[in-house]
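Chain by chain, the residues:
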Amino acid sequence: NAGVTQTPKFRVLKTGQSMTLLCAQDMNHEYMYWYRQDPGMGLRLIHYSVGEGTTAKGEVPDGYNVSRLKKQNFLLGLESAAPSQTSVYFCASSSSGLAGTETQYFGPGTRLLVL
Amino acid sequence: AQSVAQPEDQVNVAEGNPLTVKCTYSVSGNPYLFWYVQYPNRGLQFLLKYITGDNLVKGSYGFEAEFNKSQTSFHLKKPSALVSDSALYFCAVRERGGDTGRRALTFGSGTRLQVQP
C-alpha cells in the first residue's frame, strides 16, 4: 500500500514550457486535491476532484488545468509555465466519509523550478 | 470565508520541556480542525483532528490539542518535547456542512518547531 505517490519529484522548466504532474493513490479515495506550498503562505488549493470525471477550481486555479480520467489518478497540467509557478506541489486524497470529517492524505511533493 | 492563523513563525523549546504551537481559526459556522506535521523534504503527515465531542483530542506521537470555542483556538501541545519533534507544523480548518467544495482544507502558514538537545 503506497498511499499517495507523485511524479516527478523535481523538475526544472523554462518559461513557456508545459508539463504534467501525476498523482496516484491506491486507497480507493473519491476525493483528490492539488495544493501548492510557498514559503510563509502554507498550502493553497489549486484544483480538486470529488470523483472520476469531475474537477473544480480551488483558491488559486489560474495557469493550471487538471483531469481525473481514472479514479486513482489526478493530473495537474501547466500549459505555459511562468516563474510565479515555482513552488512545491502536493497532491492529497480523502475518502467520502461524513462531510468534512475525513482526513486528507498527502503525497511527498513535487518541487518545480521555472526559470 | 474560513481562515487560520498561526501567530508564531518559530517555536524553540528544550528537549524534555512541554511545547505549545498556537492556532486560531475563523469560520462562519462550526469547525473541523486538523493538525499536520511536515518533516524536511517530505509530504504532510496527519497528527490529529477535532470533529466533535471532547475538547481535548489525542493524536500521534504523543501530541494533543485542545479545542476552545470561545477563544476560537486549537493549540497543539506535547508534555515532553523530543529532538525528533523538530519539524514544520500546520493547522487547518474546514467548516462543517455545506457542499462538497467545502471539503477542501484551509491551512495556516505553518510554525517551525525547533527542539534543542
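Just so it is clear, the model here is predicted, and its values are computed rather than measured.

A. Main features of a nonpolar patch on the surface. Residues A:Phe10, A:Val12, A:Leu113 and A:Leu115 make up a contiguous nonpolar surface patch of about 370 Å² in total accessible area. The residue A:Leu115 is located in the segment after β11 (110-114) in this model.

B. Representation of the pattern of salt bridges in the model. All chains considered together, the criterion is met by six salt bridges over all chains. A salt bridge links B:Asp85 to B:Lys78; the shortest N-O distance between them is 2.8 Å. Linked by salt bridges that have partners in common, A:Arg36, A:Asp38 and A:Arg44 make up one network.

C. A look at the packing of aromatic side chains. On inspection of all chains with the given rule, the structure shows 13 aromatic pairs over all chains. Judged by centre distance (5.8 Å) and plane angle (65°), the ring pair of A:Tyr64 and A:Tyr89 falls under edge-to-face. Within this pair, whereas A:Tyr64 is found in the loop between β6 (54-57) and β7 (65-67), its partner A:Tyr89 is found in strand β9 (residues 87-94), the two being separated by 25 residues in sequence. Judged by relative accessible area, which is 8%, A:Tyr64 ranks as buried. Its relative accessible area of 0% is what places A:Tyr89 among the buried residues. Ring centres of B:Phe90 and B:Phe107 lie 6.4 Å apart, and the angle between their planes is 85°; on these two criteria the pair is classed as edge-to-face. Of this pair, B:Phe90 sits in strand β10 (residues 87-95) while B:Phe107 sits in strand β11 (residues 106-107); the two residues are 17 residues apart in sequence, bridging distant segments of the chain. Side by side, B:Phe90 and B:Phe107 carry an identical accessibility label, which is buried.

D. Main features of the interface of chain B and chain A. On the side of chain A, 26 residues touch chain B, which itself brings 22 residues to the contact. For the pair chain B and chain A, the summed buried area comes to about 1,800 Å², and 53% of that belongs to carbon and sulfur atoms. Inspection of the region where chain B meets chain A yields zero salt bridges. Seen at the junction of chain B and chain A, the total is five residue pairs in polar contact (both at pLDDT 80 or more). Contributions of two or more residues to the side of chain B that touches chain A are made by β5 (31-38), β6 (44-50) and β10 of chain B. If one sorts the elements of the side of chain B that touches chain A by residue count, β5(B) sits on top with four residues.

E. Seen up close, the sheet that holds strand β8 (residues 73-78) of chain A. Residues and elements named next belong to chain A. The antiparallel open sheet is built from four strands, whose spatial order is β1-β3-β8-β7. Of all strands in the sheet, those bounded by a partner on one side alone are β1 (4-7) and β7. Within the sheet, the average angular offset between the axes of one strand and its neighbour, ignoring direction, is 20°. In this structure, β7 lies alongside β8, joined through three bridges in antiparallel fashion. For Ser-67, the partnering residue across the bridge sits in β8 and is Leu-75.

How each quantity is defined
Residues numbered from 1 in each chain as written. Chains lettered and ligands numbered in written order. Predicted model: local features only at pLDDT ≥ 70, side-chain atom pairs only at ≥ 80, totals over all residues. Heavy atoms only, no water. Patch = residues over 30% accessible without salt bridge, like charges linked within 9 Å, V, L, I, M, F, W, Y side chains within 5 Å. Areas by Shrake-Rupley, 256 points an atom, 1.4 Å probe, with all protein chains shown as cover. Salt bridge = Lys/Arg side-chain N within 4 Å of Asp/Glu carboxyl O. Helix = DSSP H or I, 4+ residues; strand = E, 2+ residues; numbered from the N terminus. Phe/Tyr/Trp six-rings, centres within 6.5 Å; stacked < 30°, edge-to-face > 60°. Buried < 20%, exposed > 50% of the residue type's maximum accessible area, 1.4 Å probe, protein only. Contact = heavy atoms within 4.5 Å. Buried area = accessible area lost by both parts, 1.4 Å probe. Polar contact = N/O pair within 3.5 Å; in protein donor to acceptor, adjacent residues only side chain to side chain. Pairing = 2+ DSSP bridges. Axes fitted to C-alpha atoms, helices over the stretch in contact; angles between N-to-C directions.

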